[in-house]
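Structural overview
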Amino acid sequence: MIAQNIRSVEERIQAACKRAGRSREEVTLICVTKTMPVEDLQQAYDAGQRSFGENRVQEIVDKVPQLPGDIQWHMIGHLQRNKAKYLMDRVVMIHSVDSAALAQAVSKEAVKAGRVMDILLEVNVAEEESKFGLTCAGVLPLIREISPLPGIRIRGLMTVAPYTDDPETNRVYFKKLRELAVDIDHQSIDNVSMDFLSMGMTGDFEVAIEEGATHIRVGTAIFGKRNYDL
Ligand SMILES: *Cc1c(COP(=O)(O)O)cnc(C)c1O
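Residues numbered from 1 in each chain as written. Predicted model: local features only at pLDDT ≥ 70, side-chain atom pairs only at ≥ 80, totals over all residues. Heavy atoms only, no water.

Glancing now at the nonpolar core. Counting residues in hydrophobic clusters, the biggest one holds 70 residues, and the most contacted among them are Ile94, Val106, Ile119, Leu121 and Leu157. With six residues, helix α1 (residues 2-20) is the largest single contributor of residues to this core. Leaving out residues up to four positions away in the same chain, leucine 121 has contacts with His95, Val97, Leu134, Val139, Leu142, Ile143, Ile146, Ile154, Gly156, Leu157 and Met158. (Core = buried A, V, L, I, M, F, W, Y, C linked by side-chain atoms within 4.5 Å. Buried < 20%, exposed > 50% of the residue type's maximum accessible area, 1.4 Å probe, protein only. Helix = DSSP H or I, 4+ residues; strand = E, 2+ residues; numbered from the N terminus. Contact = heavy atoms within 4.5 Å.)

In structure tokens, the structure reads:
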């Protein structure tokens, strides 16, 4: 089932890349594995997947030692400052940095761990009350503040678009995120690159690819509905 779902997601990714005139290699599929048992993650691994995304530190800590060592783990959920230290030897990138205080905590722990952590800044492009993330206007000031910090490298932007039945309604937000990245890139700030755009989920990843996503985060289309009551 999971292998089959991955095949169908893969076909849709390829079709979207083709429509957009992009090469498949420009888009990383992150399998979002939150709430899923390690057996399901293993199935995705066996089907060839190597990039997994989780939104809770505890789940990353629990799952990483139970799965093969060549998986690239991505932290995609809201992160508390005091938990940044648990990610240093576990994840390749944190997609959800949205404050100077959090960037400072990540920086401090990365320096302690002797590594450089790739980070994305989370932007609440649609300005939904219920969501974390910076406003578009808040991104550049934050980048200016945190770009000198050691131990972190700002690689781009991330957004969680509104939940919708019609993916086309999110195109405007994906466009806006890409335009913001282009604007920031033009500032040529030291230690800042805007080569990654993490956007697009089960409901809207094809539109996100058409608008320039480099990382799509797909859970439900691969693993089925999540049960948060377990
Ligand atoms: C859960 C989650 C996803 C995946 O959502 P689906 O709709 O199941 O594909 C993507 N990004 C973030 C930040 C998430 O928390």
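Alright, that's what it looks like, and here's the rest.
Over its 16 residues, helix α6 (residues 171-186) extends 23 Å from the first C-alpha to the last, a length consistent with the 22 Å expected when each residue adds 1.5 Å. Turning to α6, its buried residues number three or more, namely Arg171, Phe174, Leu177, Leu180, Ala181 and Ile184. Residues of α6 that are buried sit in contact with α5 (136-146), β6 (152-158), β7 (192-198) and α7 (205-210). Count one or two residues on from α6 and you reach serine 188, which has phi positive near 45 degrees. (Expected span 1.5 Å × (residues − 1).)

So, about the side chain of lysine 63. If you trace the backbone, lysine 63 turns up in helix α3 (residues 57-63). Reaching out from lysine 63, the side chain makes a polar contact with the backbone oxygen of threonine 33 at a distance of 2.9 Å. Reaching out from lysine 63, the side chain makes a polar contact with the side chain of glutamate 54 at a distance of 2.8 Å. Here lysine 63 is in contact with Thr33, Lys34, Thr35, Met36, Val38, Leu41, Glu54 and Trp73, once residues within four sequence places are set aside. (Polar contact = N/O pair within 3.5 Å; in protein donor to acceptor, adjacent residues only side chain to side chain.)

A word on the packing of aromatic side chains. Evaluation of the coordinates by the stated rule reveals one aromatic pair. Measuring from centroid to centroid gives 5.6 Å for phenylalanine 52 and tryptophan 73, while their planes differ by 75 degrees, and the two rings are edge-to-face. Placement of the pair is phenylalanine 52 in strand β2 (residues 51-54) and tryptophan 73 in strand β3 (residues 72-75), with a sequence separation of 21 residues. For the pair phenylalanine 52 and tryptophan 73, one class covers both residues: buried. We note arginine 50 situated over the ring of tyrosine 45; from NZ or CZ to the ring centre the distance is 3.5 Å. (Phe/Tyr/Trp six-rings, centres within 6.5 Å; stacked < 30°, edge-to-face > 60°. Lys NZ or Arg CZ within 6 Å of the ring centre and 35° of its normal.)

Inspection of the entire model under this criterion finds 19 salt bridges. The shortest N-O distance in the salt bridge between arginine 22 and glutamate 26 comes to 3.1 Å. With relative accessibility at 15%, the residue arginine 22 sits in the buried group. Given a relative accessible area of 38%, glutamate 26 falls into the partly exposed group. One salt bridge in this structure joins arginine 171 and glutamate 210, with 2.7 Å as the shortest N-O distance. Note that arginine 171 is positioned in helix α6 and glutamate 210 in helix α7, a separation of 39 residues in sequence. Taking the relative accessible area as the measure of exposure, arginine 171 reaches 17% and is therefore buried. (Salt bridge = Lys/Arg side-chain N within 4 Å of Asp/Glu carboxyl O.)

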